Structures are given as C-alpha cells and as structure tokens.
Amino acid sequence: MQHDPHPSQAAPGAAEFPHDAGLSDDEAALARRLGISGLSRREFLALLSAAGLSSAGGQIAFSDAAFAAPAPSATTPQNAMPVVLQVNGQRHALQLDPRTTLLDALREHLALTGTKKGCDHGQCGACTVIVDGERRLSCLTLAAQAEDAQITTIEGLADGERLHPMQAAFVQHDGFQCGYCTPGQICSAVALLNEIKRGDASHVSADVSQPVTELSDAEVRERMSGNICRCGAYPKIVAAIQDVHSGGAPRPLTWRYVDQSELTALKLAKEVADDAV
Ligand code: FES
Ligand code: FES
C-alpha cells in the first residue's frame, strides 16, 4: 500500500480536485483560487516555485486582501486632503497629499507645465508665479497655503492670442535664449511693476524711507536678482521690463559693439592709467 505523506492534511476540497490529494488545506485553497487541478503536490509546488512563490507566499499574493486593495495611484494619495485652487480665473478642487507644493500641484495635477521646476529649493526663480498680485516661489509654497488665493501662472497672462505686454516686450527685446527661466522671469517682472506702483523700496534704493518712484536699471537688476538666467539674457530682460514700465516707449539698445577708433582710444586710456600707477 502506497504511503500518504500528509494523511492528516488532506484537503476538504479533495472531492472537487480528486487528483490533488496530498495538498494541505491552504494549498488546496490556493489551487482552487488559481483554477489548478489534476496536479500532484510535487507538481503543484514545482509550479509555484517556477512562479517565484512559496505556497505561503502564494497565499499572500493571491489572498482576498491582495485582490481587493487597489494600488494607491499618484492622484489619490492615501492621506489626501481637499485643496481648492483658483488658477488663472478657474476653480480647481483637488485631493492632494498635504505635502504637495504649489509647483507640483500646478505641473502634476493641473498640467500647467509653463511654470518650471529648476532647483526646487528656492534658489533659481524658475517656478515664480503670482499669488494675489505678489510674486511667489511655488517650489517653496505648499498648495494648501495658496487656497483661496488668486494664482496667476504664465498660461494666464495672455488674453487669448494677445500676449501680455511683458510677454510681448520679452519677444521684442530677445529677452531669452533657451526660454527655461522665462516664465518665471515674466511672472516676476509683472509683479515687480506692482511693487513700483506702490513705491516699495529695494536694497539699492537711495532712501528706503521714501516711496520709490523711479525704476532705474539698478532697481530692476536688484529686484530681478532672484530669477537666474543661465543663458545670460539679463540686459535684454532689463530692457523689456523698462519698456513696459515706460509704457512701451522705444528704448535705445543697451549695448553695441565699439568701433575701431573707440577701441584704440580705450586702449590708450588704459595705458595712460597703467603708467600713472
Ligand atoms: Fe523654485 Fe528654483 S524651482 S526657486
Ligand atoms: Fe535660458 Fe534664461 S533663457 S536660462
């Protein structure tokens, strides 16, 4: 008579799987779930092994809980909280992880990718947006902090096909090369003009106790110093901002090549200065 290796573990479902005699209760249940029948225990374990599972692992992998619990998706974090954002005049009700930055909410949840992620650490200004009229680094702002505020991104500045005057001025003055920093530069520049309208002083203002009424190039450079441009389009950016500030009056180019006579004069002046030292 043949020896039964698991006499006490014969599966109750053995009647349904007459050839599965020898499976433990768990193994028989797993076989039923997988729709497998007609295998010896050796064949069954070999099958699980080929699938990279032990019978215990198989139980876990195919358990009800594993089937029932869907993997959390990127848009429905487990600890989501409701956040309502007003962006470019539109209301968006979102479910966000409380740690979501305004930058990620705009780019990843609202597909407003005009706002750029540069450093993600408040160093470059590429992520600048306008929040209630003030420029704001969206990488350092939690989306939840911007609830109830009016947020304007680069996508919200143009009026249909008509560019915002600052956008038009950047184009006219060639205020960009690769363009990566440009959305942040333009948002920053638009809000900068609000600061000047209020007379806000800056680090380079001669008298910080008095409202600033004149926007010198030094004021523009200082106020835009948080927006880095690796392409070095700074002179054109300053010209574009001054252009809009002055109401679009044509401004002379801020640079030109010197001609040969000027170059010679400069060299002579330098030699004289060097000799005098
Ligand atoms: Fe926000 Fe650089 S990405 S400052
Ligand atoms: Fe390239 Fe500014 S235009 S970084």
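Structure's up top.
Parameters and conventions
Residues numbered from 1 in each chain as written. Chains lettered and ligands numbered in written order. Predicted model: local features only at pLDDT ≥ 70, side-chain atom pairs only at ≥ 80, totals over all residues. Helix = DSSP H or I, 4+ residues; strand = E, 2+ residues; numbered from the N terminus. Buried ≥ 20, exposed ≤ 12 C-beta atoms within 10 Å, placed from the backbone. Pairing = 2+ DSSP bridges. Axes fitted to C-alpha atoms, helices over the stretch in contact; angles between N-to-C directions. Contact = placed C-beta atoms within 7 Å.

Caption draft 1: Expanded view of unusual backbone geometry. The phi dihedral of Asp120 is positive, around 65°, even though this residue is not glycine. Its location among the elements puts Asp120 in the loop between helix H5 (102-109) and strand S3 (128-131). The exposure class of Asp120 is partly exposed, given the 15 C-beta atoms found within 10 Å. Positive phi outside glycine occurs at Asp174, with the angle close to 55°. Along the chain, Asp174 falls in the loop between helix H6 (165-172) and helix H7 (182-198).

Caption draft 2: Highlighting the pairing of S3. Burial along S3 is two-sided: Thr128 and Ile130 facing one way and Val129 and Val131 facing the other are all buried. Counting the residues in the hairpin turn of S3 and strand S4 (residues 134-137) gives two residues, including Asp132, whose phi is positive at 50°. As paired elements, S3 and strand S5 (residues 150-152) share two bridges and run antiparallel to each other. Across the sheet, residue Ile130 finds its bridge partner in S5, namely Thr152.

Caption draft 3: Region of interest: the sheet that holds S3. Pairing in this open sheet of five strands is mixed, and the strands run S2-S1-S5-S3-S4 from one edge to the other. Two strands in the sheet have a free side with no partner beyond their single neighbour: strand S2 (90-96) and S4. Here the strands of the sheet are splayed against their neighbours by 40° on average, with no regard to which way each runs. Across two bridges, the pairing between strand S1 (residues 81-87) and S5 is parallel. The residue of S5 that forms the bridge with Gln86 is Gln150. Against the sheet, H5 contacts S1 and S2, and its axis sits at roughly 100° relative to S2. Relative to the sheet, H7 contacts S3 and S4, its axis offset from that of S3 by approximately 35°.

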